[in-house]
Amino acid sequence: MTFTDFYPAKKISTFRPPQRILMGPGPSDTHPRVLSAMARPTLGHLDPVFTDMMEELKSLLRYSFQTANQMTFPASGPGSVGMEMCFVNMVSPGDKVIVCRNGVFGSRMIENVQRCGGVAVVVDNQWGEPVDPQKVEDALKQNPDTKIVAFVHAETSTGALSDAKTLCEIVHRHNCLTIVDTVTSLGGSPLKVDEWKIDAVYSGSQKCLSCPPGLSPVSFSDRVVELVKNRKVKVQSWFMDLNLLLGYWGATRTYHHTAPTNALYALHEALFMLYEEGLEHAWARHQRNHKALKAGLETFGTKFLVEEKYRLPQLNSVYVPTGVDEKEVRRRLLAEYNLEIGAGLGDFAGKIWRFGLMGYSSKIENVMLCLNALETVFANMGKKIEIGAAEAAAHRVYATSPLNAVPAKTTA
Ligand SMILES: *Cc1c(COP(=O)(O)O)cnc(C)c1O
């Protein structure tokens, strides 16, 4: 048989993706330094040069998560693998887990609990609102046999930030463990794993870290490691069993699975850049670009889905203004400006847009281009707007809120 018997297309060639600007809910743009790190020679996953890099990577992750947890490493797989790793290791059959749901990702946590044979008690909140600490307190009082409470710190489906510190305090008063989804918060919003006493945390490489998708940083407290070591029922997933993974990411370096070496160089470079920039600086940069985008969007009369004090700077959900075709705007932004923005999910499909300003995508050029493009597309669709007003509003924010200069070496 010839190739065309298997592949009916007329021609095939090297894949050359267009240069897009990713301003959706993730992935976000990868920094060129990270892309070039990924193109370096592949090493064996047990090569001493590589394992030295792994140690640096773990330290960089501890800094990014603000934790001293020994068990801190990037899981091989997207954010969903980090999520699953927390649940399969920590939930034994019959365990009661309170799951807070205020968007898409809470639903996935419920699914995880149930597949582990656990009993999920759901604390529902409106989409677009943060998790209500009082509801969690009430659920804990009503379910004194609860083992774990799980919630999403930064809900990417809506753009709402929950108060992880307060939630963890409540959970610990009831002697339970916490699982916190920080896929969209890591690198973009303040996150302090040790200070807030988060027990298990997972994130993703492709949101605010300027890195491609495919890795999931995780960190577990000693309490969690003890719990997993003392499980009566084996962890149902061989691949995600922390007891086995410890052998590779710990001191013994025994083969578990072939680590995605080049992807790990990329994460190392991305986290090194975050370290060079400084966490606080990165948080401030995300905030400043959010303020500028917000000022611009408001000139169109757009309303945000989330109340101001719970808004994520890296994920801006706004109602689609009247008089424009939601899908057609996104199509034109992509076709004419190479600019990707996100659509609404669930009940918000067709009603909102999600503008991501994550990691390397969170920069002045993107904010200005996006506002400029929207003005053009809206005007072409016959919507009455004042040309240049959105950019002027954003410009005013930048001009009146200086950000301390990024250390020179970051831009090298
Ligand atoms: C993106 C995201 C995930 C899933 O990450 P994947 O890399 O797509 O598997 C989980 N939780 C939140 C809050 C996210 O934004």
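Please read these numbers as outputs of a predicted model, since none were measured by experiment.

Rules behind the numbers
Residues numbered from 1 in each chain as written. Predicted model: local features only at pLDDT ≥ 70, side-chain atom pairs only at ≥ 80, totals over all residues. Heavy atoms only, no water. Salt bridge = Lys/Arg side-chain N within 4 Å of Asp/Glu carboxyl O. Helix = DSSP H or I, 4+ residues; strand = E, 2+ residues; numbered from the N terminus. Buried < 20%, exposed > 50% of the residue type's maximum accessible area, 1.4 Å probe, protein only. pLDDT = per-residue confidence, 0-100. Contact = heavy atoms within 4.5 Å. Pairing = 2+ DSSP bridges. Axes fitted to C-alpha atoms, helices over the stretch in contact; angles between N-to-C directions. Expected span 1.5 Å × (residues − 1). Right-handed = clockwise from strand over helix to strand, strands pointing away. Near = heavy atom within 4 Å. Polar contact = N/O pair within 3.5 Å; in protein donor to acceptor, adjacent residues only side chain to side chain. Areas by Shrake-Rupley, 256 points an atom, 1.4 Å probe, with all protein chains shown as cover. Nonpolar A, V, L, I, M, F, W, Y, C, P; charged D, E, K, R; others polar. 1 Å grid on protein atoms, 1.4 Å probe; cavity = no way out; pocket = protein on both sides within 12 Å on 5 of 7 lines; lining within 4 Å. Points joined across faces, edges and corners; volume = space filled by probe spheres on them. Domains from an automatic or database assignment. Buried area = accessible area lost by both parts, 1.4 Å probe.

1. A short note on the pattern of salt bridges
One pass over the structure, following the stated rule, counts 17 salt bridges. Across the pair E326 and R330 runs a salt bridge whose closest N-O atoms are separated by 2.6 Å. A residue pair is termed a helical-turn pair when its members lie 3 or 4 positions apart in one helix, as E326 and R330 do in helix α12 (residues 326-337) at four residues. For E326, a relative accessible area of 10% puts it in the buried group. Looking at R330, the relative accessible area reads 23%, which means it is partly exposed.

2. Quick look at the confidence of the model for the protein
Predicted confidence across the protein gives a mean pLDDT of 95, with 97% of residues reaching 70 or more. Every residue in residues 408-412 is under pLDDT 50, and counting partners more than four places away or in other chains gives seven contacts.

3. Here we look at the environment of V225
By the secondary structure assignment, V225 is in helix α8 (residues 222-229). Along the backbone, V225 and M71 are 154 residues apart, and their C-alpha atoms lie at a distance of 7.8 Å.

4. Comments concerning the pairing of strand β12 (residues 339-343)
When strand β1 (residues 21-23) meets β12, the two strands line up parallel, connected through three bridges. When the sheet's bridge partners are listed, M23 is paired in β12 with I341.

5. Concerning the sheet that holds strand β13 (residues 352-356)
Pairing is mixed in the open sheet, where four strands are placed in the order β1-β12-β13-β11. For this open sheet the edge positions go to β1 and β11 (315-319), each flanked by a neighbour on one side alone. The sheet shows a mean angle of 30 degrees between the axes of neighbouring strands, taken without regard to direction. On the sheet, helix α13 (residues 364-380) packs against β1, β12 and β13 and is oriented at approximately 85 degrees with respect to β1.

6. Concerning helix α5 (residues 104-115)
Here α5 is twelve residues long and its end C-alpha atoms lie 17 Å apart, about the 16 Å a rise of 1.5 Å per residue gives. For α5, the full list of buried residues reads V104, F105, G106, M109, I110, N112 and V113. Two residues or fewer after α5 comes G117, characterised by a positive phi angle close to 80 degrees.

7. Quick look at the pairing of strand β4 (residues 119-124)
Note on strand geometry: in a regular strand, side chains alternate between the two faces of the sheet. Where strand β3 (residues 96-101) meets β4, six bridges bridge the pair, whose relative direction is parallel. Bridging across to β4, V99 finds its partner in V122. Where the polypeptide runs from β3 across α5 and back to β4, its parallel neighbour, the crossover connection is right-handed.

8. Some details on the site of the ligand
In the vicinity of the ligand, the residues found are P78, G79, S80, F105, V152, A154, T156, D181, V183, T184, Q206 and K207. Measuring from an oxygen atom of the ligand, one finds a side-chain N or O atom of T184 at 3.1 Å. Contact distances for the ligand include 2.7 Å between an oxygen atom and a side-chain N or O atom of K207. Calculation on the ligand without its partners gives an accessible area of 380 Å², and the protein chains cover 88% of this total. When grouped by side-chain class, the residues that make up the shell around the ligand number five nonpolar, five polar and two charged.

9. Here's the deal with the layout of surface pockets
To find leftover empty space, a probe the size of one water molecule is rolled over the atoms. A volume near 380 Å³ is recorded for the second largest pocket. In terms of lining residues, the second largest pocket is bounded by 14 residues, among which Q19, R20, D29, T30 and L35 are the most central. Those elements that provide at least two residues to the lining of the second largest pocket are β1 and α2 (32-38). For the lining of the second largest pocket, the per-class residue count stands at seven nonpolar, four polar and three charged.

10. Quick look at the domain arrangement of the protein
According to the domain assignment, the protein contains domain 1 (32-275) and domain 2 (279-400). Each of domain 1 and domain 2 has a C-alpha centre, and the two are 29 Å apart. Opposite the 29 residues of domain 1 that make contact, domain 2 presents 20 residues. At the boundary of domain 1 with domain 2, total buried surface from both sides reaches about 2000 Å², with 67% on carbon and sulfur atoms. The tally of links between domain 1 and domain 2 comes to zero salt bridges. Counting residues per element, the ones that place at least two in the side of domain 1 that touches domain 2 are α3 (48-65), β6 (154-155) and β7 (160-161). In terms of residue class, the side of domain 1 that touches domain 2 is made up of 13 nonpolar, 13 polar and three charged.

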